[in-house]
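# Structure at a glance
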Amino acid sequence: MDIESLKAFVHVARTGSFSSAAENLFITQPAVSKRIASLEGHLNHTLFDRLGKEVALTPAGQALLPSALKILQTIEDTERQIRERSGEIIGSLKVATSHHIGLHHLPPVLRTFASQYKNVNLQFEFLDSEQAHLRVLKGDCELAVVTLDPKLEKPLRALVLWRDPLCFVVANEHPLAKEPVLSLQQLSKEAAILPDLNTFTGRMVKTCFSQKNLPISLNMATNYLETIKMMVSVGLGWSVLPQTLVDEHMTVLHIPKIKLERQLGIVTHQKRSLGNAARAFIQALQDASTQTDTS
């Protein structure tokens, strides 16, 4: 059982496609097929059912996948630890992050980090924060920079970088914009544009209304905050947005005794040792957050 065959197996399992696996591995599709065939011959079991263009794991493939992932992760970690004994900051660093943080918090960090550590290959995956937590939990990436789960449990750990106050907002032309003080009851009767109510941010808003037994008149849901901002600014409904996204086209609504705030930061796995590149990137993030707090 060779490593390259295991890599091919994992990529086909993840993508559900021999051609996509070939693209990811920078080899030809016949080469992927040959590696899978070699692995199947070694194990004397079929690993994939080929149903036309669809590819699905057989029971044997499902049994192999967790072990294959663990083997490849162990090899990757071992190679990195050996390379890093010299103290060099090199190699690949896989990071999961949300679109909002990627757009509004990471650019200056990435600019500084990339210029300082030219031998680090940063690999970013843009996901909802909930998915990013799962990526770290499964060992698919070393760290995530996301909205933190308010109920984060072991083996994940969190480091807060930024506090992110949230505001209830409407377009300046919206009828609610003329009200000096509002209640959640009034808002519950108006059309809302919110992140999915199963996201960390969505659940925070939903809890506010649920505690008072109030419904939310959800007109539209999207997890892209920039899209929500646009829809609010043209008068399609009210929403809850980070204070940093509020501009001159929106009015912040005053709702007494309601204060919402997210925490943005780093998620890592307690049982996974971080490489030199990951530790350097975390330090760069902490330095940037400190500068933000003092500016």
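Everything below is about the structure printed above this text.
Numbers given for residues are sequential positions, taken from 1 along each chain in its written order. Where totals are concerned, whole chains, interfaces and linings use all residues; where local detail is concerned, this predicted model gives features only for residues with pLDDT of at least 70, and gives and counts side-chain atom pairs only at 80 or more. With hydrogens and water excluded, all non-hydrogen atoms of the structure serve as input to the side-chain values.

## Let's talk about unusual backbone geometry
- For the bond from Lys 154 to Pro 155, the omega torsion is 10°, close enough to zero to count as cis.
- The helix and strand labels rest on DSSP assignments: H or I over at least four residues marks a helix, E over at least two residues marks a strand, and numbering proceeds from the N terminus. Inspection of the secondary structure puts Pro 155 in the loop between β5 (143–147) and β6 (156–171).
- If you check the backbone angles, Phe 26 has positive phi at about 60° while not being a glycine.
- Mapped onto the elements of the fold, Phe 26 is located in the loop between α2 (18–25) and α3 (29–43).
- Here's how the labels work: a residue is buried when its accessible area is under 20% of the maximum for its type, exposed when over 50%, partly exposed in between, all with a 1.4 Å probe on protein chains only. Judged by its relative accessible area of 77%, Phe 26 is exposed.

## A look at the nonpolar core
- Each nonpolar core is a collection of buried residues, namely Ala, Val, Leu, Ile, Met, Phe, Trp, Tyr and Cys, held together in the definition by side-chain atoms within 4.5 Å. Residues Leu 93, Phe 113, Leu 143, Val 145, Trp 162, Phe 281 and Leu 285 are the most contacted members of the largest nonpolar core, which totals 23 residues.
- By definition in these notes, contact holds between two residues if any of their heavy atoms fall within 4.5 Å. The contacts of Val 145, once residues within four sequence positions are left out, are Val 95, Ala 96, Thr 97, Ser 98, Ile 101, Leu 106, Leu 161, Trp 162, Gly 265, Phe 281 and Leu 285.
- Core analysis: the second largest hydrophobic core is formed by 21 residues, Phe 168, Leu 182, Leu 184 and Leu 194 among them.

## Structural notes on α3
- Residue count minus one, scaled by 1.5 Å, sets the expected span of a helix. With 15 residues, α3 extends 21 Å from end C-alpha to end C-alpha; this agrees with the ideal 21 Å at 1.5 Å per step.
- Along α3, the residues classified as buried are Val 32, Ile 36, Leu 39 and Glu 40. Axial view of α3: buried residues confined to an arc of 100°, hence all on one face. In α3, the exposed residues that point more than 90 degrees away from the buried face are Pro 30, Lys 34, Gly 41 and His 42.
- Of the residues one or two after α3, Asn 44 is the one with positive phi, at around 60°. What the arc describes is the spread of directions from the helix axis to the C-beta atoms.

## Let's talk about the side chain of Glu 40
- If you trace the backbone, Glu 40 turns up in helix α3.
- At 2.8 Å, the side chain of Glu 40 forms a polar contact with the backbone nitrogen of Leu 47. N or O atoms closer than or at 3.5 Å make up a polar contact, with two conditions inside protein: a donor-capable atom paired with an acceptor-capable one, and, for residues adjacent in sequence, both atoms drawn from side chains.

## Points about the pattern of salt bridges
- A side-chain nitrogen of Lys or Arg and a carboxyl oxygen of Asp or Glu constitute a salt bridge if their distance falls within 4 Å. Per the stated rule, a full pass over the model turns up 8 salt bridges.
- One salt bridge in this structure joins Glu 261 and Arg 163, with 3.8 Å as the shortest N-O distance. You can see Glu 261 sitting in strand β11 (residues 260–269) and its partner Arg 163 sitting in strand β6, a full 98 residues away along the chain.
- One salt bridge in this structure joins Lys 229 and Asp 247, with 3.4 Å as the shortest N-O distance. On the criterion of sequence distance, the pair formed by Lys 229 in helix α10 (residues 225–233) and Asp 247 in the loop between β9 (239–242) and β10 (250–252) is long-range, its members being 18 residues apart.
- Assessed through its relative accessible area of 22%, Asp 247 is described here as partly exposed.
- Through salt bridges with shared partners, a single ionic network connects Glu 4, Lys 7 and Arg 35.

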